[in-house]
There are 2 protein chains.
Amino acid sequence: MAERMIVVGGDAAGMATAAQARRRRDRRDLEIVAFERGHFTSYSACGIPYWISGLVSDREQLVARDPATHRKQFDIDVRIRHEVTAIDLDRREVLARDLDGGGEVRERFDTLMYAAGAVPIKPDWAQTDMAGVFGVQTLDDGSALRQWLDAEPRPRRAVVAGGGYIGVEMAEALVLRGLSVTLLERNEQPMSTVDPDMARLVTEAMRGVGVDIRTGVRVTGLSERDGRVHGVETNSGHIPADLVVLGLGVRPNTALAEAAGLPLGPAGGIRVDRRMRVTGVPGVWAAGDCVETLHRVSGMPVHVPLGTHANKQGRVAGINIGGGYATFAGVIGTAVTKVCDLEVGRTGLRERDALAAGFEFVSVIAESTNRAGYYPGARPMTVKLIAERPSGRLLGAQIVGWSEAAKRIDTLAVALWNEMTVDDMTALDLGYAPPYAPVWDPVLVAARKTMAALGR
Amino acid sequence: MAERMIVVGGDAAGMATAAQARRRRDRRDLEIVAFERGHFTSYSACGIPYWISGLVSDREQLVARDPATHRKQFDIDVRIRHEVTAIDLDRREVLARDLDGGGEVRERFDTLMYAAGAVPIKPDWAQTDMAGVFGVQTLDDGSALRQWLDAEPRPRRAVVAGGGYIGVEMAEALVLRGLSVTLLERNEQPMSTVDPDMARLVTEAMRGVGVDIRTGVRVTGLSERDGRVHGVETNSGHIPADLVVLGLGVRPNTALAEAAGLPLGPAGGIRVDRRMRVTGVPGVWAAGDCVETLHRVSGMPVHVPLGTHANKQGRVAGINIGGGYATFAGVIGTAVTKVCDLEVGRTGLRERDALAAGFEFVSVIAESTNRAGYYPGARPMTVKLIAERPSGRLLGAQIVGWSEAAKRIDTLAVALWNEMTVDDMTALDLGYAPPYAPVWDPVLVAARKTMAALGR
């Protein structure tokens, strides 16, 4: 009889696991059943803001592989609209509810992949079914939001609560849709994924396209009229709104895992080993936005929900389940985003992270340009480096600029991954041609300036 | 009495040396005299094609620091239009001719920086003063070519001999100027700086904008009418031309150095140690396009004339001359170029280099896109990796694509610099967001495909 794997969650991590395992073991050897609560599998949640804005025209474009493809191409028994409601580790069974048919199924497993993703953080005021209030976590969330935008009465005034990646991307998307948008941020700056001195550049760009950014504002409640959201109550007054987007971040979706007794770590995610096995629970694996992982620079466990990690972790788990050997090496916190025409990249530790990890460091901001200064279209680029003192080891980097800025963070990410010092970095042989860089690339300019700040 | 440094050559390497040395030692301690044969100092030779095309409007934009600035800001006695004609190591003197005044000066030195750059390779047929035949090595070359383009009778038919970086960039520039352009290449493809399978993509793009590329063609002579170039003779017939650009590469400008007894290495450049001291010749330094340097991957000496190395080497030499300590770490052959709308990047060894260095390797070409496939403007990107067998160590990489392709080579360059294996590279935490990359970055896609080719 074939071994049987149940996958809980049919998005990136779960389906990457299933596909990789299938590549190594055929159906006679490994039967795979995947339960997905929503209507879609293997989609790009990161693409939702671009579908909302209209840049991406069809929802289907965001779906990398639909359930039919998984069934046909990988022989995976995908069951959408099935919500797993319990995991019984002793009996090696999961219980799932058919959200459309209403029935309940019980399925045996030998191997379990828990890939339930993340859920939006909802403070008390957001625990509501009020019409017009949306998370942007799943493609179903996105569909509901699109419908709201297109339905009468058309919403005109949007409030985005929270200024993280999703918040700023959604604020921009809604401006592009012609709405008047207010972004509420508790802290002194939105985009706290970079240090405040870099985030200020983002704030300016967003204000430039008309987003009304209000900082130091705490939401206290929502107001309603005729069953629809009508405004947001804050510590600094009422803000009218006929659409509210929750961009307060996400947390690992662990309810089911906790109930089953899977171990959580200090970052709130499921604890896994390097092969993506749930620590101490034989035959049970986890991957994606529900797990926590090692930050290679701080050495601490972190929760970094991001499609690229989910895919890598799923691949690692799938190779192992398939009988191969692979490990997930951890993360260094690299992320890029487009905010209006501005590009933002970050990797490693921010100042606050470096402090929390106990490092002594210098941080330096260097101004440069994306191209040779004389080449048409040259625009400013700001690079911030954080380096350990006195070793000079790179701890973190942030870039804000116009074209060709965001992905330059990869150069720094690979340097960081390899634990380079800024001294060594000044020697790096990076590409130079006038359309692409000054003769000293912005990355090298920043490394030199950091060396100087270290007194050498 | 102050120590005295003579700089031979007032471009990137020489003036970077002078400026760095000055930062650490003032005039009372170190007197600096710089001789430059041309009219300009510290200019971007790499920018000449963009000035020729008209993308850059003024020649002065290409000059980072003019002689007056060097004099005023760094207290450097810059003498333009002075050609050093002899170096006497025993008497510690140089002899220089004033190319305008006609006089000859003799100057004593304690320290000599030889930074005479490179000269265009000129086969017998190119050893000519025929009007309308140009190298593109110095800003004076560029000025002469611009004058030719603007003078009557206006040239209409250009032949570019040689399809290296300068050749392809000049071919494009002349097309932009409205000329009919033929590019002659001896080998099967121009852009031999990348492997032929990648160069083919460049050839197609250039043909797309109307460059008549003829491969397997060897120039045998030039024909003349009324003292002006009138055509190019080749092994496959006569090609009419009223403008000929030499793009046959450059060699280190070592005539003077050889006459003085400075040692040359196997790559034809001046031999220097890690601090940029000429090997075995006390008090004499060299940097820039006239030296050879270590290729960190092949372990062999190479001649890589490029502004970015010249600047780094000059900085290293200047720090050392200034009393500090710095070393030049060598190169890995990173280069980027824009050919029409196509972006080309390379780093490390090509297949032929890897063979010559004695490596066993696999090479893999992976097709991907610069953005998430559904994001507007997503375009193909082709990444080639060359990896040692069986270790998987990255030996070289090439990228051809549209926007955001060229500088992605830096990610691979830093991986190569750190001697990463493709196995390790698949774990790299690179930036992901739909406007900038698919969820598996093209670099990671290529690393995975290379792992597969290595049988794992």
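If you're wondering where the values come from, they're calculated on a predicted model, not measured in any experiment. Every chain is numbered independently, its residues counted from 1 as its sequence is written. Here chains are named by letter from A upward and ligands by number from 1 upward, in the order in which they appear as written. Reporting of local features is limited, given that this is a predicted model, to residues whose pLDDT is at least 70; pairs of side-chain atoms are given and counted only at 80 or more, and all residues count toward the totals for whole chains, interfaces and linings. Note that the side-chain values use all heavy atoms of the structure and ignore hydrogens as well as water.

Quick look at the overall build of chain A
Every helix listed is a DSSP run of H or I at least four residues long, and every strand listed is a run of E at least two residues long, numbered separately from the N terminus. Helix and strand counts for chain A come out as twelve helices and 25 strands. Residue burial in chain A is summarised as follows: out of 456 residues, 59% are buried. Restricting to contacts in chain A with at least 6 residues of sequence separation, those with at least 24 account for 64%. On chain A, roughly 16900 Å² of surface is accessible, and the fraction owed to carbon and sulfur atoms is 46%. Both charge centroids of chain A, one from 54 positive and one from 56 negative side chains, sit 2 Å from each other. For each residue, the accessible area found with a 1.4 Å probe, counting protein chains only, is set against the maximum for its type, and the residue is called buried under 20%, exposed over 50%, and partly exposed in between. By the convention used here, residues are in contact when the closest approach between their heavy atoms is within 4.5 Å. Working definition of accessibility: Shrake-Rupley area with a 1.4 Å probe, residue cover restricted to the visible protein chains. Note that His is not counted, nor are the chain ends; the positive residues are Lys and Arg, and the negative ones are Asp and Glu. Charged groups are reduced to one reference atom each: NZ for lysine, CZ for arginine, CG for aspartic acid, CD for glutamic acid.

So, the interface of chain A and chain B
Taken together, the 58 residues of chain A in the interface contact 58 residues of chain B. When two components associate, each loses some accessible surface as probed by a 1.4 Å sphere; the sum of these losses over both components is called the buried area. Each partner contributes to the roughly 5300 Å² buried at the junction of chain A and chain B, and carbon and sulfur atoms together form 61% of this total. When the area that chain A buries against chain B is broken down by residue, the three leading residues are Y374, D429 and Y436 of chain A, summing to 15%. Put simply, a salt bridge is a Lys or Arg side-chain nitrogen that is within 4 Å of an Asp or Glu carboxyl oxygen. Our count for the chain A to chain B interface comes out at two salt bridges. With a closest N to O distance of 2.6 Å, K407 of chain B and D441 of chain A form a salt bridge. Polar contacts, as used here, are pairs of N or O atoms within 3.5 Å; protein pairs need one atom able to donate a hydrogen and one able to accept it. Residues neighboring in sequence count only if both atoms are side-chain atoms. At the boundary of chain A and chain B, one finds 22 residue pairs in polar contact (both at pLDDT 80 or more). At the level of elements, α8 (307-321), β21 (335-339), β22 (342-348), α10 (409-417) and α12 (442-453) of chain A are the ones that each hand at least two residues to the side of chain A that touches chain B. A class-by-class count of the residues in the side of chain A that touches chain B yields 32 nonpolar, 15 polar and eleven charged. Residues are grouped as follows: nonpolar covers Ala, Val, Leu, Ile, Met, Phe, Trp, Tyr, Cys and Pro; charged covers Asp, Glu, Lys and Arg; every other residue, Gly included, is treated as polar.

A short note on the sheet that holds strand β4 (residues 82-88) of chain A
Residue and element names in this part refer to chain A. Each pair of strands is called paired provided DSSP finds at least two bridges between the two strands. Within the open sheet, the three strands sit side by side as β4-β5-β6. Their pairing is antiparallel. Looking along the sheet, the strands with just one partner apiece sit at the ends: β4 and β6 (104-108). Averaged over all pairs of adjacent strands, the angle between their axes in this sheet comes to 25°, without regard to strand direction. The pairing of strand β5 (residues 93-98) with β6 spans five bridges and is classified as antiparallel. Counted as the bridge partner of V94 is E107 from β6. Lines fitted to C-alpha atoms define the axes, with helix axes restricted to the stretch in contact, and inter-axis angles between N-to-C directions lie between 0 and 180 degrees.

Focus on the domain arrangement of chain A
All names here are of chain A. The source of the domain bounds is an automatic or database domain assignment. Under the domain assignment used here, chain A contains domain 1 (3-118 + 251-321), domain 2 (122-248) and domain 3 (335-451). Taking the mean C-alpha position of each, domain 1 and domain 2 sit 29 Å from one another. Between domain 1 and domain 2, the contact holds 19 residues from the first and 16 residues from the second. Counting each side, the surface lost to burial between domain 1 and domain 2 is near 1500 Å², with a carbon and sulfur contribution of 66%. The largest per-residue losses of area from domain 1 upon contact with domain 2 belong to P49, W51 and I52, which jointly make up 39% of the total buried on that side. The interface formed by domain 1 and domain 2 includes zero salt bridges.

Digging into the side chain of R25 of chain B
Residue and element names in this part refer to chain B. Looking at the secondary structure, you find R25 in the loop between α1 (12-24) and β2 (30-36). Judged by its relative accessible area of 12%, R25 is buried. Not counting the four nearest positions on each side in its chain, R25 is found in contact with E3, L30, I321 and G322.

Regarding the pattern of salt bridges
All names here are of chain A. Summed over all chains, the structure comprises 56 salt bridges over all chains. Among the salt bridges present, the one from R27 reaches D75, with a minimum N-O distance of 2.6 Å. Separated by 48 residues along the polypeptide, R27 in the loop between α1 (12-24) and β2 (30-36) and D75 in the loop between α3 (67-74) and β3 (77-80) bring together distant segments of the chain. R27 gets classed as partly exposed once you look at its relative accessible area, which sits at 44%. In this structure, a network of salt bridges that share partners links the residues R4, E31, D77, R79 and E107.

Notes on the nonpolar core
As a rule of thumb, nonpolar side chains are buried together in soluble globular proteins. In this description, a nonpolar core means a group of buried Ala, Val, Leu, Ile, Met, Phe, Trp, Tyr and Cys residues linked to one another through side-chain atoms lying within 4.5 Å. Of all hydrophobic cores here, the largest spans 86 residues; its most connected members are L412 and M425 of chain A together with L385, L412 and M425 of chain B. Apart from residues lying up to four places away in sequence, M425 of chain B is in contact with L385, L394, L412, A415, M420, V443, L444 and A447 of chain B.

Quick notes on the UniProt feature "domain: Pyridine nucleotide-disulphide oxidoreductase dimerisation" (unreviewed entry) in chain A
UniProt positions are given in the numbering used here, feature names are shortened, and annotations may be inferred rather than shown by experiment. Mapped onto the present numbering, the UniProt feature "domain: Pyridine nucleotide-disulphide oxidoreductase dimerisation" (unreviewed entry) falls on residues 336-438 of chain A. Helix makes up 19% of residues 336-438 of chain A and strand 36%, whereas the separation of the span's terminal C-alpha atoms amounts to 22 Å.

Quick notes on the relation of the copies chain A and chain B
Superposing the copies works by least squares over the C-alpha atoms of residues that have pLDDT at least 70 in both of them. For the pair chain A and chain B, the superposition axis carries a translation of 0.0 Å, the fit reaches an RMSD of 0.0 Å, and the rotation angle comes to 180°. The superposition of one copy onto the other is thereby described by a two-fold rotation axis. For chain A, the minimum C-alpha distance to the rotation axis belongs to T411 of chain A and amounts to 2.3 Å. A high fraction, 100%, of the interface residues of chain A reappear at the interface in chain B, so the copies pair face to face through one surface.

Some thoughts on the environment of D129 of chain B
Residues and elements named next belong to chain B. Assignment of secondary structure puts D129 in the loop between β8 (118-120) and β9 (133-134). Residue classification places D129 among the exposed positions, given a relative accessible area of 81%. C-alpha separation for the pair D129 and G227, spaced 98 residues apart in sequence, amounts to 9.4 Å.

Side note on the environment of A453 of chain B
All names here are of chain B. In this fold, A453 is placed in helix α12 (residues 442-453). In this structure, the C-alpha to C-alpha distance between A453 and A387, residues 66 residues apart in sequence, is 9.7 Å. In contact with A453, other than residues within four places in its own chain, are V362 and V364.

Some words on helix α6 (residues 196-208) of chain A
Residues and elements named next belong to chain A. Expected helix span is given by 1.5 Å per residue-to-residue step, counting one fewer step than there are residues. With 13 residues, α6 extends 18 Å between its outermost C-alpha atoms, agreeing within 8% with the 18 Å of an ideal straight helix rising 1.5 Å per residue. Looking at α6, one finds that the buried residues are M198, A199, V202, T203 and M206. Within α6, the buried residues cover an arc of 150° as seen down the axis, which keeps them to one side. The arc in question is traced by the directions running from the helix axis to the C-beta atoms.

Structural notes on the sheet that holds strand β22 (residues 342-348) of chain B
All names here are of chain B. Strand order across the open sheet formed by five strands is β21-β22-β25-β24-β23, with antiparallel pairing between neighbours. Each edge of the open sheet is held by one strand with a lone partner, namely β21 (335-339) and β23 (361-369). When the angles between neighbouring strand axes are averaged without regard to direction, this sheet yields 10°. Alignment of β23 against strand β24 (residues 380-388), held across nine bridges, turns out to be antiparallel. Residue pairing for β24: E367 is matched across the bridge by T382. Strands in contact with helix α5 (residues 165-176) are β21 and β22; relative to β21, the strand with the most contacts, it is inclined by about 25°. Strands β23 and β24 of the sheet are contacted by α12, whose axis makes an angle of about 145° with β23.

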